[in-house]
Structure formats: structure tokens, C-alpha cells
Amino acid sequence: MINQNAYALGANRSCIRDLFEYGRQRAAIVGEEKVYDYSLGNPSIPSPKEVNEAVRAILSDTDSLKVHGYTSAVGDYETRKAISDDLNARYGVSTQPEEFFLGCGAAPELTAVFRALAVPGGEVLTIAPYFPEYKPFAEEAGLSFRVVPPDVPDFQICLEAVEKRITPHTQAVLINSPNNPSGVVYTRETLTWLSQVLVRKSQEYGHPIYIVSDEPYRELAYGVEVPFVPELYRNTVICYSYSKSLSLPGERIGYVYVPRQAEDSQMLYAAIAGAARASGHVCAPSLWQKVIARCAHLRPDLDSYDRNRKTLYEGLTAQGYEMAKPDGAFYLFIKAPGGDANEFSQRAKEKDLLVVPGDGFGCPGYFRICYCVSYEKIVGSLPIFGELIREYQEKV
Ligand SMILES: Cc1ncc(COP(=O)(O)O)c(C=O)c1O
């Protein structure tokens with residue numbers, strides 16, 4: 001007998017993966033340069049050069065047994081200290097190394113946090129549009145997954161809708177800013193209001209409702225503030241990843257931050273470590289822990305993402321497309337001309353332009369573009385977007 005939930009997850013590829021695979025097949029037929037694949041969020045800027053230098057230095061100056069050996073399950077102290085020092089210097093806060101748990105990227109960190117919060121009947125509430133993997137992460141962990149409808153057209157958070165959906169079983173509100181797929185950064189004002197709602201609701205129900213802040217895009221912001229959420233709400237747990245900030249998605253390294261100020265923080269930290277243990281976590285990759293110990297202060301050079309962002313935003317807006325202002329990450333989330341994003345995506349696909357319909361992000365009627373591609377692709381795709389919107393305009 002096979003577990004049918006696990007089977008369904010493995011057997012049905014996500015729409016994003018389907019499009020990506022299709023793009024590769026088309027590229028083999030018509031040539032890579034003729035396929036405009038905006039499906040997958042794989043970073044297109046190299047890691048800062050200091051990262052590779054650190055790898056080389058560690059391999060040559062550190063005992064091989066130490067480089068490749070197991071570390072403690074929570075991670076090397078020096079790495080946690082480097083991360084803590086960096087956050088303290090940036091945000092004027094006073095985090096401690098003991099509050100960090102080094103993990104293998106945001107995905108397994110989120111599942112560990114969800115499992116740690118999965119009491120019988122427990123619920124996690126997230127805000128649409130959201131990263132589609134949240135649903136299997138939460139449900140496999142044992143939490144009910146509930147969604148707050150999108151705050152159209154700005155894609156901040158509709159606080160009234162949050163308040164209405166919080167129940168006595170709500171264990172956490174899961175947020176992601178800068179956001180995948182909208183590219184929107186939640187403002188300090190939005191987060192302050194959210195924290196006020198959660199303080200009120202936690203008091204009403206007599207238990208903490210945590211914010212789980214999923215932050216793989218924290219460093220990808222274009223001239224706007226990305227507030228440090230625990231400063232605004234004490235019961236915040238951060239899941240951070242170096243996948244996008246240092247362009248290291250294949251290396252699997254990040255951390256969970258559980259502030260001492262959070263309610264039941266020591267128990268929560270231990271439960272996250274226990275949940276990670278139960279899912280087979282032994283330690284984060286040892287070499288990459290050592291790299292982060294040397295590189296936690298580095299930031300990505302965002303110039304090429306920013307150029308792509310501006311060119312697409314200005315170009316598409318001029319053609320008549322509508323979208324929220326993309327201040328962060330490397331995504332645009334665009335209203336589908338004609339209103340049916342699946343149909344739009346299909347028509348775009350016929351022109352070798354691959355965009356992802358918003359249904360899987362909890363937001364039908366919109367489609368997502370990942371602009372972590374070359375600038376030539378951005379420029380080359382604009383006339384195709386133009387043709388597509390004209391077809392819809394002529395139909396009306
Ligand atoms: C919003 C969001 N959360 C989590 C992840 C998982 O990232 P990681 O590579 O750190 O597991 C991604 C990856 O694209 C993401 O977009």
C-alpha cells in the first residue's frame with residue numbers, strides 16, 4: 001500500500017515545472033534564444049565573488065574532516081553568531097546566536113515550523129497570492145491550510161479579512177514579503193496593523209498566534225524598506241534562506257530565527273529542532289555553514305534584476321497591462337487580459353512565451369512572470385506581449 005497523498009504530490013507535477021519542462025523541449029526544437037521562459041524562479045545573477053573565494057579558502061585552509069563532518073544539529077555556533085551580528089548591525093536589534101537554527105533552506109524550515117505548531121485541529125492562515133508549496137507543507141505537517149483572499153489591486157493585506165478568518169484554532173499567520181508571486185513588499189504600516197490584529201486575537205483566544213515570516217527575498221528590494229518583522233510583532237518566527245539572496249538555491253542553506261521575546265520561545269525552538277529531527281534533518285550542509293560564517297554580511301548586486309524589472313514594468317504598463325508595483329523579489333503579477341489567466345497562458349505558450357497562471361497562487365485572473373532571465377530575453381519578449389494584448393483588445 002502506498003500513501004495516496006504522497007503519491008498525488010509526486011505523480012502530479014506542478015504547473016510551473018510542467019511549463020519549465022515544456023520550455024526545455026521547445027528550446028531543443030526552435031532554439032534556446034526563441035523561447036521566452038518566465039516560469040521558474042532560479043536566480044540569474046551569480047553569487048557575490050566572495051562566496052566562491054570563501055569556498056576555495058575553506059577547502060584549502062580548514063581540516064577536511066571539519067569541513068565535511070557532521071556539525072551540531074542546530075548548526076555551528078560561529079555561523080549563528082555571524083548571522084546574529086549582521087542582523088544586529090543592520091536593524092539595531094539584539095539577537096543572540098542561540099536564537100538561530102540553521103536549516104536547509106526555507107522549504108524544510110517552514111515544514112519544521114509547521115510541524116512544531118501542529119496541535120490537533122491547528123490551522124495556519126496565509127495571504128493570497130502565496131507560494132503554492134505552502135499548502136502541501138502545511139497539510140503534510142498536520143495543519144489545516146486557510147487562505148485570506150488577495151487585497152486587489154495592491155496586494156498588501158486586507159486586515160479585515162484576516163481578522164474574520166482567525167479562529168480559536170489559528171496557530172500562525174504565514175506571510176511572505178517581498179512576495180512571490182506579486183513582487184510586492186508589505187509596508188511597515190501593513191505589518192503594524194497586522195500585529196495589532198494578532199495581539200487582539202491572541203488575547204481573545206488566550207494563546208499566541210505566531211507570525212511565520214518566510215523571507216527568502218528579504219535582500220531583493222528596490223529602494224523600499226523591508227521591515228524586520230520581530231521588531232513589530234514579538235511572536236514572529238523567521239524562515240530565511242540564502243537561495244535567492246546569495247544565488248545559492250542548490251546548496252540548501254538558511255536559518256530559522258526564534259526570538260527569545262516570543263511566547264514559549266524555548267519550547268518552540270526545541271519543537272522546531274525536534275520536528276526537523278523527525279523529518280531526517282541531521283545538520284545543514286557543513287561547508288555552506290562555514291561559507292555563511294564568512295559571508296553573512298554580503299548583499300546581492302541587484303542592478304540586472306532592477307533593469308529587467310523597470311524595463312518590463314514600464315514596457316508592459318505602456319502596452320496596457322495592469323499590475324501592482326513590483327518593489328521586491330524578481331516577479332511581476334499581472335492581470336490577465338480577458339480575465340482568464342489559463343487561456344492567456346495557453347495563448348502565450350503558442351508564441352513560445354511561458355507565463356504561469358495565478359490559480360495555484362490562490363489568485364485566478366492573474367499570471368506570474370519571473371524576470372530572473374537575461375536582459376535580451378526581456379527586450380525580445382516585449383513585442384510578443386504587445387501582440388497578445390492587441391489580440392484581446394481587438395476582440396472587444
Ligand atoms: C516564497 C518562497 N518560499 C520558500 C521558497 C523555498 O526556498 P528554498 O530554496 O530556500 O527552500 C521559495 C522558493 O522559490 C519561495 O519562493
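Not measured: the values here are computed from a predicted model.

The rules we used
Residues numbered from 1 in each chain as written. Predicted model: local features only at pLDDT ≥ 70, side-chain atom pairs only at ≥ 80, totals over all residues. Heavy atoms only, no water. Helix = DSSP H or I, 4+ residues; strand = E, 2+ residues; numbered from the N terminus. Buried < 20%, exposed > 50% of the residue type's maximum accessible area, 1.4 Å probe, protein only. Contact = heavy atoms within 4.5 Å. Areas by Shrake-Rupley, 256 points an atom, 1.4 Å probe, with all protein chains shown as cover. Lys, Arg positive; Asp, Glu negative; His and termini not counted. Charge placed at Lys NZ, Arg CZ, Asp CG, Glu CD. Domains from an automatic or database assignment. Buried area = accessible area lost by both parts, 1.4 Å probe. Near = heavy atom within 4 Å. Polar contact = N/O pair within 3.5 Å; in protein donor to acceptor, adjacent residues only side chain to side chain. Nonpolar A, V, L, I, M, F, W, Y, C, P; charged D, E, K, R; others polar. Salt bridge = Lys/Arg side-chain N within 4 Å of Asp/Glu carboxyl O. Pairing = 2+ DSSP bridges. Axes fitted to C-alpha atoms, helices over the stretch in contact; angles between N-to-C directions. Parallel < 35°, antiparallel > 145°, perpendicular 65-115°, else oblique. Left-handed = near helix turned anticlockwise from the far one by under 90°.

Enquirer: Just checking my understanding: could you explain the overall build of the chain for this structure?
Expert: Across its full length, the chain carries 16 helices and twelve strands. Dimensions along the principal axes, computed over C-alpha positions, put the chain at roughly 60 × 55 × 55 Å. By residue count, 55% of the 396 residues in the chain fall in the buried class. In the chain, once contacts between residues fewer than 6 apart in sequence are set aside, the share between residues at least 24 apart is 75%. Here the chain has roughly 17300 Å² of accessible surface; of this, 51% comes from carbon and sulfur atoms. Each charge class in the chain was averaged separately, 40 positive and 49 negative side chains, and the resulting centres sit 2 Å apart.

Enquirer: Looking at this model, I keep getting lost on the domain arrangement of the chain. Mind explaining?
Expert: Accessible area lost upon the coming together of the parts is a frequently used measure of interface size. With domains assigned, the chain is organised as domain 1 (4-48 + 301-395) and domain 2 (49-295). Of note, the centres of domain 1 and domain 2, computed from C-alpha atoms alone, are 27 Å apart. Facing 30 residues of domain 1, the contacting portion of domain 2 comprises 35 residues. Across the interface of domain 1 and domain 2, roughly 2500 Å² is buried in total on both sides, 63% from carbon and sulfur atoms.

Enquirer: What should I look at first to understand the site of the ligand in this one?
Expert: Around the ligand, the structure places 14 residues, and the nearest of them are A106, D214, Y217, S241 and R252. Here a nitrogen atom of the ligand sits 2.6 Å away from a polar atom, N or O, in the side chain of D214. Alone, the ligand offers 390 Å² of accessible surface; in the complex the protein occludes 91% of this. Secondary-structure elements contributing two or more residues to the shell around the ligand are helix 6 (106-117) and helix 11 (242-245). Residue composition of the shell around the ligand, by class: six nonpolar, five polar and three charged.

Enquirer: Help me out: how do you make sense of unusual backbone geometry in this one?
Expert: It is generally the case that most residues other than glycine have a negative phi and that most peptide bonds are trans. P129 follows A128 through a cis peptide bond whose omega is 0 degrees. With respect to the helices and strands, the residue P129 is situated in the loop between strand 3 (123-127) and helix 7 (134-141). Its identity as a non-glycine residue notwithstanding, F155 has a phi of 60 degrees, on the positive side. Of note, F155 is situated in the loop between strand 4 (144-148) and helix 8 (159-165). Residue classification places F155 among the buried positions, given a relative accessible area of 2%.

Enquirer: Please clarify how the pattern of salt bridges should be interpreted in this entry.
Expert: Side chains that differ in charge, positive against negative, can pair when their charged atoms come close. For the coordinates displayed, the defined rule picks out 26 salt bridges. The partner of R218 in a salt bridge is E215, and the shortest N-O contact between them spans 2.7 Å. R218 gets classed as buried once you look at its relative accessible area, which sits at 4%. We note a salt bridge from K335 to E322, for which the minimum N-O separation is 3.9 Å. Taken together, the residues span a long stretch of sequence, with K335 in strand 9 (residues 331-335) and E322 in the loop between helix 14 (303-319) and strand 9 at a distance of 13 residues. Sharing partners across several salt bridges, the network here consists of D86, R90, E215, R218, E219 and R299.

Enquirer: I would appreciate a short explanation of the sheet that holds strand 2 (residues 100-103) in the present structure.
Expert: Each strand in a sheet pairs with another by means of backbone hydrogen bonds, the pair being arranged parallel or else antiparallel. Spatially, seven strands are ordered 2-8-7-6-5-3-4 in an open sheet, and the strand pairing comes out mixed. Strands at the two margins of the open sheet, each flanked by one partner only, are strand 2 and strand 4. Along the sheet, successive strands turn relative to each other by an average axial angle of 20 degrees, direction set aside. Strand direction decides the pairing type here: strand 3 and strand 4, joined by five bridges, are parallel.

Enquirer: It is not clear to me how the packing of helix 14 against helix 16 (residues 375-395) should be interpreted in this structure. Could you clarify?
Expert: In a pair of packed helices, the angle between the axes and the distance between the axes together describe the arrangement. It is at 10 Å that the axes of helix 14 and helix 16 come closest, and there the two elements cross at 20 degrees. By the criterion of interaxial angle, the relationship of helix 14 to helix 16 is roughly parallel. Seen from above, helix 14 lies across helix 16 with right-handed handedness. Every residue of helix 16 that contacts helix 14 at R307, N308, T311, L312, G315, L316 and Q319 is listed here: Y375, I378, S381, L382, F385, G386, I389 and Q393. Looking at the contact of helix 14 with helix 16, its residues break down into seven nonpolar, seven polar and one charged.

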